[in-house]
Amino acid sequence: YQDRLDALLEENEGRGRRDRLRMTRIHDLLVREGFDGSYDAVRRYAARWRAARRKDAGEGAPAFIPMTFQPGEAYQFDWSHDQLEIGGLPMAVKVSHMRLCHSRFLFCQGFPRETMEMVFEAHNRAFDFIGGACCRGIYDNMTTAVSKVLRGKLRELNPRFEELCAHYLVEPIMCTPAAGWEKGQVENSVGLMRKRFLAGRTKFASIEELNEYLLERAVGWAKSQQHPELRDKT
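What comes next concerns the included structure. A quick note: this is a predicted structure, and the numbers were derived from the prediction, not measured.

Focus: the overall build of the protein
Regarding its fold elements, the protein presents seven helices and eight strands. Counting only C-alpha atoms and orienting by the principal axes, one finds that the protein spans roughly 60 × 40 × 30 Å. Looking at the protein as a whole, 42% of its 234 residues are labelled buried. Put simply, of all contacts in the protein between residues at least 6 apart along the chain, 60% involve residues at least 24 apart. In the structure as shown, the protein presents an accessible area of about 12800 Å², 51% of it carried by carbon and sulfur atoms. Taking the 36 positively charged and 33 negatively charged side chains of the protein as two groups, their mean positions are separated by 4 Å.

In structure tokens:
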């Protein structure tokens with residue numbers, strides 16, 4: 001089935017970014033035609049196929065994430081760990097941060113853990129509030145998303161995380177290890193939340209109360225702050 005897989009990959013590369021099929025879908029198509037190999041075998045072959053195409057095209061230079069963005073183009077996502085008092089008890093709260101790259105709007109929510117279910121819920125809440133998803137999501141190499149870091153920008157992604165991105169038609173972009181500037185906006189948002197949102201208040205009756213408070217503060221901050229590039233907008 002190698003020739004058939006090559007044809008599917010070639011056809012997929014010719015599609016627009018939002019129309020491209022995930023590897024899970026390509027594997028399904030092969031299975032319907034009689035292929036009995038694993039999804040991992042297809043994913044690994046596709047990674048080698050893309051790497052060979054880049055090499056043949058002379059794209060040996062390092063890849064970089066752009067620092068300017070169009071409306072709806074991308075968001076940056078990260079977690080922070082904060083010590084708060086919830087229901088009268090000390091608790092290490094995991095706070096999800098989603099920063100829209102064009103508008104700079106920050107959506108953050110607290111969770112008791114940083115599991116895959118919490119990753120799903122963090123994205124569900126953010127996209128529901130924003131009213132849609134961006135074309136691309138920029139992430140670090142968090143273990144809930146990346147199973148293995150390969151060369152350059154190549155990653156073996158967690159299949160469940162791939163399903164999340166496929167559901168929302170988001171193309172996941174993983175940062176280079178130790179290159180925090182590639183998602184500098186969301187890195188800065190962690191300090192922003194602690195300095196602007198949580199300064200003077202670290203006690204909440206519940207995580208639900210914390211999240212209502214974080215959303216209220218985030219919206220208030222966004223309405224009051226001048227955009228760093230579009231000076232006539234907040």
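Regarding the pattern of salt bridges
For the structure on display, the rule yields nine salt bridges. Of the charged contacts in the structure, one is a salt bridge between E156 and R43, with a shortest N-O distance of 3.4 Å. With E156 in strand β6 (residues 155-157) and R43 in helix α3 (residues 39-56), this residue pair connects regions lying 113 residues apart in the sequence. Exposure remark for R43: the relative accessible area of 10% places this residue in the buried category. Across the pair R160 and E117 runs a salt bridge, and its minimum N-O distance is 3.3 Å. With a gap of 43 residues between them, R160 in helix α5 (residues 159-168) and E117 in helix α4 (residues 116-130) connect regions that are remote in the sequence.

Considering the packing of helix α1 (residues 2-13) against helix α2 (residues 23-32)
For the pair α1 and α2, the least separation of the axes is 11 Å and the interaxial angle reads 140°. Relative to α2, the element α1 is oriented oblique. Crossing geometry of α1 relative to α2 is assigned as right-handed. Side by side, α1 and α2 meet where R4, L5, L8, L9 and N12 of the first sit next to M23, I26, L29 and L30 of the second.

Points about the layout of surface pockets
Estimated volume of the second largest pocket: approximately 230 Å³. Among the elements of the structure, α6 (184-197) and α7 (207-224) are those that each provide at least two residues to the lining of the second largest pocket. Here the residues of the lining of the second largest pocket sort into four nonpolar, seven polar and two charged.

What to know about α2
M23, I26, H27, L29 and L30 are the residues of α2 that are buried. Mapping the buried residues of α2 onto a view down its axis gives an arc of 155°, with all of them on the same face.

Remarks on the side chain of Q76
Here Q76 is to be found in strand β1 (residues 74-86). On the accessibility criterion, Q76 (2% relative accessible area) is buried. Side-chain polar atoms of Q76 contact the backbone nitrogen of V186, separated by 3.0 Å. Apart from the residues lying within four places of it in its own chain, the contact partners of Q76 are F69, H97, M98, R99, C101, I138, E182, K183, G184, Q185 and V186.

Here we look at the nonpolar core
Counting residues in hydrophobic clusters, the biggest one holds 44 residues, and the most contacted among them are Y75, F77, M142, F161, F197, L198 and L214. Contributions of two or more residues to this core are made by β1, β2 (89-100), β3 (106-111), α4, α5, α6 and α7. Tallying contributions element by element places α7 first for this core, with seven residues. Setting aside residues up to four positions removed in sequence, L198 forms contacts with L84, M193, F204, L210, Y213 and L214.

Rules and cut-offs
Residues numbered from 1 in each chain as written. Predicted model: local features only at pLDDT ≥ 70, side-chain atom pairs only at ≥ 80, totals over all residues. Heavy atoms only, no water. Helix = DSSP H or I, 4+ residues; strand = E, 2+ residues; numbered from the N terminus. Buried < 20%, exposed > 50% of the residue type's maximum accessible area, 1.4 Å probe, protein only. Contact = heavy atoms within 4.5 Å. Areas by Shrake-Rupley, 256 points an atom, 1.4 Å probe, with all protein chains shown as cover. Lys, Arg positive; Asp, Glu negative; His and termini not counted. Charge placed at Lys NZ, Arg CZ, Asp CG, Glu CD. Salt bridge = Lys/Arg side-chain N within 4 Å of Asp/Glu carboxyl O. Axes fitted to C-alpha atoms, helices over the stretch in contact; angles between N-to-C directions. Parallel < 35°, antiparallel > 145°, perpendicular 65-115°, else oblique. Left-handed = near helix turned anticlockwise from the far one by under 90°. 1 Å grid on protein atoms, 1.4 Å probe; cavity = no way out; pocket = protein on both sides within 12 Å on 5 of 7 lines; lining within 4 Å. Points joined across faces, edges and corners; volume = space filled by probe spheres on them. Nonpolar A, V, L, I, M, F, W, Y, C, P; charged D, E, K, R; others polar. Arc of directions from axis to C-beta. Polar contact = N/O pair within 3.5 Å; in protein donor to acceptor, adjacent residues only side chain to side chain. Core = buried A, V, L, I, M, F, W, Y, C linked by side-chain atoms within 4.5 Å.

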